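Residues per chain are reported as follows:
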Amino acid sequence: MKTALVAIAYYATAKLALAFITLPGDVVPLWPPAGTSLAATLIWGYPMWIGVFVGCYLGQLSSYGFVTTLWVTVSETFISIFAAYLVRRLIGNRYILNQVKDVVIFMIVGAFIGCLPSGIMSPTILCFYGKIPWSLYPTVVLTWTLSEQFAVLIFTPLFLAWSQNSRQAVQRFKKRWMEAAVLFFLVIAVSRIAFGSTYPIEFMLIPLIVWAAFRFHQPGSTLLTVIVCSIAVVGTAKGFGYFVRNSQNESLLLLDSFVGVIALTTLLLGAVLSENDKAKADLRHANATLESKVKERTSELATANEEIIALNQKLKQENLRMGAELDVARQIQQMLLPKPEELENIQGLDIAGYMAPADEVGGDYYDVLETEGIVTLGIGDVTGHGLESGLLMLMTQTAVRTLKEVQEYDPVKFLDTLNRTIYKNVQRMNSEKNLTLAILNYASGLLSISGFHEETLVVRKSGAVERVETIELGMFIGLDEDITDLISHTTVELQPGDGVVLYTDGIPEAIDIHKNFYGLERLCDVISSHWHLDVEQIKQAVIEDLRRFIGEQKVFDDITLLVIKHKDDLSVSP
């Protein structure tokens, strides 16, 4: 049935086109069957070539005779197969009118390149069999090629648009039937005046077609383009309109270029509108998915803190204003940092923290929590950048807070529980993210270090720096479900004036314009030379030195620094 329908459509449009012959050999300046045959092949597949072949042969048999028609039919059938193959090869099976790049590919490959073989072969066959003189060969080749190219631009999108969006189009026309009627009337009226009289008002059709594209999308704009083309061809053939020249062939080719430009413009506009609609739908879906994930994590952990609730509420209110994943990740990263007043209330320790996100936000994390005299310090770095890294950092902070609130201080149980929680969430997210994480517990001058991260810098009162390797103290969090056997800890005694410096790789791996690394040695030197100052001044000295080193070079990774100093006995309140 489909094959028969294609044959009938090709035959009928061929007979209509042959009513406007402008050159010997029954050459016409617009060949709609080329557009219908390509559309049928793209929609229903390559087997439609049979219907194209039958319709083309029957439609042109009366013009050329048995043998010549056979060869011309083979050439014309080749259009639908060759052009469809090129389009599918470069675009695939997706709807080709929904993206600007696909429309451009369709225009270049489907219309211009795909029609070239037939535009050359068919005139050559006709000249060879004596149907047209060789003196007209260049003119016939140009006319034949342009007639099929413009036909593909004008008629193929009509069938593609309606095959993909017919239900939505009908609903849209029913909903806006009065507007559609007014628009249809205006297009018919302007077309009749432009191509049925001497008034040059063809330009007035452009805003009407644009109106159709905005309000009725591609089905509406392509339908009106075909209607305008039909009226314009008849009117120009009768000698009316701006495009009338001494030669009817030249007149109709100029008209083809005008309608072709309108068709191409509306196709590009429709693709832009489709991309915009898809982007809005994707953003709404992403927002809904993100909200669902945040609610799910909160329910599982059951002890979500007030900051997470505030963040979730803020995300709900600002979902429609989120422009990109990085904005969300940056907000998550900054909102969960410990507040200055929290650090000031910790007894026995002076603490200063710093975090500056890079242009492409990563997943740096640090936290300071105190419960019943035990201070827990955490610092970590999630692999990669973007929203997933930010979410993983958020889950890590929540899990650490939860374990701290339930007073779990055994380093093996602490990190094992945290790792299982993160691992299962990462698997559910179908993500490959993981993180390095070090957990430090301080009480009464003793500092316990566990977990795998960058080296921990223990700084003595004199400024001497001791580097503690953590590679034997843990494993990547979220990489494997069970890391119990890989977890260990070490203990360091801190005297008054001693301290610890924690950092992420954004500091030692920072580079200048000459691609030189800042390095850990330089960091240790700056810390040592400024250790006699308070923690805020030490932190500021490191950051200023790092900024001077980086200069105008782009910051590729987050910069995180945590300076902790055991208060001198004289500075501790009684």
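Residues numbered from 1 in each chain as written. Predicted model: local features only at pLDDT ≥ 70, side-chain atom pairs only at ≥ 80, totals over all residues. Heavy atoms only, no water.

A. Representation of the overall build of the protein chain. In terms of regular secondary structure, the protein chain is built from 17 helices and 10 strands. Taken over the C-alpha trace, the protein chain has a radius of gyration of 36 Å; the compact-globule value for 574 residues is 25 Å, which it surpasses by more than 25%. In terms of overall dimensions, the protein chain has C-alpha extents of about 110 × 50 × 45 Å along its principal axes. Burial analysis of the protein chain (574 residues in total) assigns 52% to the buried set. (Helix = DSSP H or I, 4+ residues; strand = E, 2+ residues; numbered from the N terminus. Rg over C-alpha atoms; globule rule 2.2 N^0.38 Å. Buried < 20%, exposed > 50% of the residue type's maximum accessible area, 1.4 Å probe, protein only.)

B. Main features of the packing of helix α1 (residues 2–17) against helix α2 (residues 32–44). Two elements in contact, α1 and α2, have axes whose closest approach is 8 Å; the angle formed by their N-to-C orientations is 165°. For the element pair α1 / α2, the angle class is roughly antiparallel. Both α1 and α2 take part in a crossing whose hand is right-handed. Along the contact surface, α1 presents Lys2, Leu5, Val6, Tyr10, Thr13, Ala14 and Ala17, while α2 presents Pro32, Pro33, Thr36, Ser37, Ala40 and Trp44. In terms of residue class, the contact of α1 with α2 is made up of nine nonpolar, three polar and one charged. (Axes fitted to C-alpha atoms, helices over the stretch in contact; angles between N-to-C directions. Parallel < 35°, antiparallel > 145°, perpendicular 65-115°, else oblique. Left-handed = near helix turned anticlockwise from the far one by under 90°. Contact = heavy atoms within 4.5 Å. Nonpolar A, V, L, I, M, F, W, Y, C, P; charged D, E, K, R; others polar.)

C. Representation of the state of the cysteines within the structure. For the coordinates displayed, the defined rule picks out zero disulfides. Considering cysteine sulfurs only, Cys115 is the nearest to Cys229, which forms no disulfide, with 15 Å between them. (Disulfide = S-S within 2.5 Å.)

D. Layout of the environment of Leu186. Mapping Leu186 onto the fold places it in helix α8 (residues 177–194). On the basis of relative accessibility, which here comes to 31%, the residue Leu186 falls in the partly exposed class. The sequence separation of Leu186 and Leu208 amounts to 22 residues, and the corresponding C-alpha distance is 7.8 Å. Setting aside anything within four residues of it in sequence, one finds Leu186 in contact with Leu208 and Trp211.

E. Examining empty space enclosed by the protein more closely. For the structure shown, the criterion picks out six cavities of 30 Å³ or more. As a volume, the second largest cavity reaches approximately 70 Å³. Lining the second largest cavity are Asp26, Val27, Val28, Trp31, Gln60, Tyr64, Trp144 and Ser147. Those elements that place two or more of their residues in the lining of the second largest cavity are α3 (49–64) and α7 (137–175). Classifying every residue of the lining of the second largest cavity by side-chain character gives five nonpolar, two polar and one charged. (1 Å grid on protein atoms, 1.4 Å probe; cavity = no way out; pocket = protein on both sides within 12 Å on 5 of 7 lines; lining within 4 Å. Points joined across faces, edges and corners; volume = space filled by probe spheres on them.)

F. Broad picture of the pattern of salt bridges. Scanning the model with the defined rule gives 13 salt bridges in all. With a shortest N-O distance of 2.8 Å, Asp282 and Lys278 are connected by a salt bridge. Of this pair, Asp282 and Lys278 both sit in helix α10 (residues 248–301), separated by four residues, roughly a single helical turn. What makes Asp282 partly exposed here is its relative accessible area of 38%. Taking the relative accessible area as the measure of exposure, Lys278 reaches 52% and is therefore exposed. For the salt bridge of Glu536 with Lys539, the shortest nitrogen-to-oxygen distance reads 3.1 Å. Linking Glu536 with Lys539, this pair stays in helix α17 (residues 535–550), spanning three residues, or about one helical turn. (Salt bridge = Lys/Arg side-chain N within 4 Å of Asp/Glu carboxyl O.)

G. Expanded view of α8. The end-to-end C-alpha distance of α8, which contains 18 residues, comes to 25 Å, matching closely the 26 Å that a straight helix rising 1.5 Å per residue would cover. On its buried face, α8 is in contact with α7 and α9 (205–237). (Expected span 1.5 Å × (residues − 1).)

H. View of the pairing of strand β10 (residues 559–566). In terms of burial, β10 is a largely internal element, eight of the eight residues being buried. As defined by bridge partners, strand β1 (residues 349–356) adjoins β10 across eight bridges and the pair is classed as antiparallel. Counterpart to Leu349 in the pairing with β10 is His566. (Pairing = 2+ DSSP bridges.)

I. Up close: unusual backbone geometry. In the Ramachandran plot, Glu372 falls in the positive-phi region, its phi being about 50° despite a non-glycine side chain. With phi around 55°, Ser444 is a residue other than glycine that occupies positive phi space. Classification of Ser444 as exposed rests on a relative accessible area of 77%.

J. Local environment of the sheet that holds strand β5 (residues 446–450). Reading across from one edge, β2-β3-β4-β5-β8 is the order of the five strands in this open sheet, with antiparallel pairing throughout. Each end of this open sheet is capped by a strand with a single partner; those strands are β2 (363–371) and β8 (489–493). Averaged over all adjacent pairs, the angle separating strand axes in this sheet is 15°, with direction ignored. Bridge analysis of strand β3 (residues 374–382) against strand β4 (residues 435–443) gives eight bridges, and the strand direction is antiparallel. Bridge assignment links Val382 to a residue of β4, and that residue is Leu435. Sitting on the sheet, helix α15 (residues 411–428) touches β4, β5 and β8, and the angle it makes with β4 is about 150°.

K. Geometry of a nonpolar patch on the surface. Where nonpolar side chains cluster on the molecular surface, the patch consists of Leu61, Phe66, Val67, Leu70, Trp71, Val74, Phe128, Tyr129 and Trp134 and spans about 930 Å² of accessible area. For the nonpolar patch, the element with the most residues is helix α4 (residues 66–91), which contributes five residues. Relative to the elements of secondary structure, Leu61 occurs in helix α3. Judged by its relative accessible area of 34%, Leu61 falls in the partly exposed class. (Patch = residues over 30% accessible without salt bridge, like charges linked within 9 Å, V, L, I, M, F, W, Y side chains within 5 Å. Areas by Shrake-Rupley, 256 points an atom, 1.4 Å probe, with all protein chains shown as cover.)

L. Representation of the sheet that holds β10 in the model. Here five strands make up an open sheet; going across it, the order is β1-β10-β9-β6-β7 and the pairing antiparallel. Because the sheet does not close on itself, it has two edges, and the strands there are β1 and β7 (465–468). This sheet shows a mean twist of 15° between the axes of neighbouring strands, independent of strand direction. Where strand β6 (residues 456–459) and β7 come together, four bridges link them in antiparallel fashion. What sits directly across from Val459, in β7, is Val465. Packing against the sheet, α17 makes contact with β1 and β10, and its axis sits at approximately 150° to β10.

M. Structural context of the environment of His453. Note that His453 resides in the loop between β5 and β6. Accessibility expressed as a relative area gives 8% for His453, which makes it buried.

N. Focus on α2. If you check α2, its first and last C-alpha atoms are 18 Å apart, about what 13 residues at 1.5 Å a residue would give, namely 18 Å. Burial analysis of α2 places 11 of its 13 residues in the buried class, the great majority of the element. Taken as a whole, α2 has its buried residues at Pro32, Pro33, Ala34, Gly35, Thr36, Ser37, Leu38, Ala39, Ala40, Thr41 and Leu42.

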